[in-house]
Amino acid sequence: MATDAPPPSKEQHKLPSPEEFTEVQESAEFGELRRSYRSFAFPLTIAFIAWYLLYVLLSNYAGGFMGTKLFGNINVALVFGVAQFLTTFLIAWWYSKHAAANLDPKAEAIKSRMEGGA
């Protein structure tokens, strides 16, 4: 089984001490990284759970509405169900873009500094 991945680096990285981990965890830079992650992930998670619960509650208690035919055999419930999948993929794509632009550079800077690269 072949892969296109390069072989692991033979270069040895300095392993940070527990004190260094604690120092970095308490730093303003790490706090900003954590804040950037939380300000994106938490509201989006709450919104998605609310959207999912709306779908479940409507399915259980608003059968007439969810059974409303839109065209052919396509009803509101089917559209909402497919929208759940689309929303999931949209959120994953959006998070990937956010992480690449805002989280990964900060995390990489902290990691390289801890390993003695900067």
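These numbers were taken from a predicted model, which means no experiment stands behind them.

K.L.:
Explain the nonpolar core here, please?
P.N.:
Nonpolar side chains in soluble globular proteins tend to end up buried together. Membership of the largest hydrophobic core is limited to 6 residues, which are Val 24, Leu 33, Ala 99, Leu 103, Ile 110 and Met 114. With 4 residues, helix α4 (residues 76-114) is the largest single contributor of residues to this core. With sequence-adjacent residues up to four places away left out, Ala 99 is seen in contact with Asp 104 and Pro 105.

K.L.:
Is there a simple way to think about a nonpolar patch on the surface in this case?
P.N.:
A surface patch of nonpolar side chains, about 570 Å² in accessible area, is lined by Ile 49, Tyr 52, Leu 53, Leu 57 and Tyr 61. For Tyr 61, the position within the fold is in helix α2 (residues 28-61). With relative accessibility at 71%, the residue Tyr 61 sits in the exposed group.

K.L.:
It is not clear to me how the side chain of Ser 36 should be interpreted in this structure. Could you clarify?
P.N.:
Mapped onto the elements of the fold, Ser 36 is located in helix α2. Excluding anything up to four places from it in sequence, Ser 36 contacts His 98, Asn 102, Leu 103 and Lys 106.

K.L.:
I tried to follow the UniProt feature "transmembrane region" (unreviewed entry) in the protein on my own but got confused; where do I start?
P.N.:
Here, UniProt's "transmembrane region" (unreviewed entry) annotation points to residues 40-58 and 70-95. For residues 40-58, the end-to-end C-alpha separation is 27 Å, with 100% helix and 0% strand making up the annotated structure.

K.L.:
What exactly am I supposed to notice about the pattern of salt bridges here?
P.N.:
Note on pairing: side chains with opposite charge can pair once their charged atoms come close. For the structure on display, the rule yields 3 salt bridges. Of the charged contacts, one joins Arg 113 and Glu 29 as a salt bridge, the two residues approaching to 1.9 Å between their closest N and O atoms. Note that Arg 113 is positioned in helix α4 and Glu 29 in helix α2, a separation of 84 residues in sequence. By relative accessible area, which is 40% here, Arg 113 ends up partly exposed. For Glu 29, a relative accessible area of 33% translates into the label partly exposed.

K.L.:
Explain α4 here, please?
P.N.:
One turn of the α-helix equals 3.6 residues, which is why residues spaced by three or four share an orientation. With 39 residues, α4 extends 53 Å from end C-alpha to end C-alpha; this agrees with the ideal 57 Å at 1.5 Å per step. On its buried face, α4 sits against α1 (18-25), α2, α3 (63-66), β1 (69-71) and β2 (74-75). At the N-terminal end of α4, a side-chain oxygen is found 3.3 Å from the backbone nitrogen of Ala 77, two or three residues along, and the residue is Asn 75. Two residues or fewer past α4, Gly 116 is found with a positive phi of approximately 90°.

K.L.:
Any chance you could explain α2 here in plain terms?
P.N.:
With 34 residues, α2 extends 48 Å between its outermost C-alpha atoms, agreeing within 8% with the 50 Å of an ideal straight helix rising 1.5 Å per residue. Along α2, the helix axis deviates most sharply at Arg 38, where the bend reaches about 25°. Restricting attention to buried positions, one finds in α2 the residues Gly 31, Leu 33, Ser 36, Phe 40, Ala 41, Leu 44 and Leu 58. Taken together, the buried residues of α2 touch α3 and α4.

Reading the values: the criteria
- One numbering rule holds for all chains: residues counted from 1, following each sequence as written.
- Local features in this predicted model are restricted to residues whose pLDDT is 70 or higher, and side-chain atom pairs enter the listing and the counts only when it is 80 or higher, whereas totals over whole chains, interfaces and linings include all residues.
- The side-chain quantities take in all heavy atoms of the structure and omit both hydrogens and water.
- In plain words, nonpolar cores are sets of buried Ala, Val, Leu, Ile, Met, Phe, Trp, Tyr and Cys residues tied together by side-chain atoms within 4.5 Å.
- Each residue is assigned to one of three classes by its accessible area relative to the maximum for its type, calculated with a 1.4 Å probe on protein chains only: buried under 20%, partly exposed between the two thresholds, exposed over 50%.
- Only runs of H or I of at least four residues qualify as helices and only runs of E of at least two qualify as strands under DSSP, and these elements are numbered from the N terminus.
- By definition, residues are in contact when any of their heavy atoms lie within 4.5 Å.
- Each patch groups residues whose relative accessible area exceeds 30% and which form no salt bridge, using 9 Å between like charges and 5 Å between nonpolar side chains of Val, Leu, Ile, Met, Phe, Trp and Tyr.
- Computed with the Shrake-Rupley method and a 1.4 Å probe, the accessible areas treat only the protein chains shown as cover for residues.
- Here a salt bridge means any side-chain nitrogen of Lys or Arg lying within 4 Å of a carboxyl oxygen belonging to Asp or Glu.
- UniProt positions are given in the numbering used here, feature names are shortened, and annotations may be inferred rather than shown by experiment.
- Expected span of a helix, by definition, is 1.5 Å for each gap between consecutive residues, and there is one gap fewer than residues.
- Counting of polar contacts relies on pairs of N or O atoms within 3.5 Å, with two restrictions inside protein: one atom must be capable of donating a hydrogen and the other of accepting it, and residues adjacent in sequence are counted only when both atoms are side-chain atoms.
- Bending is quantified residue by residue as the angle between axes fitted to the seven-residue window ending at that residue and the seven-residue window starting at it.

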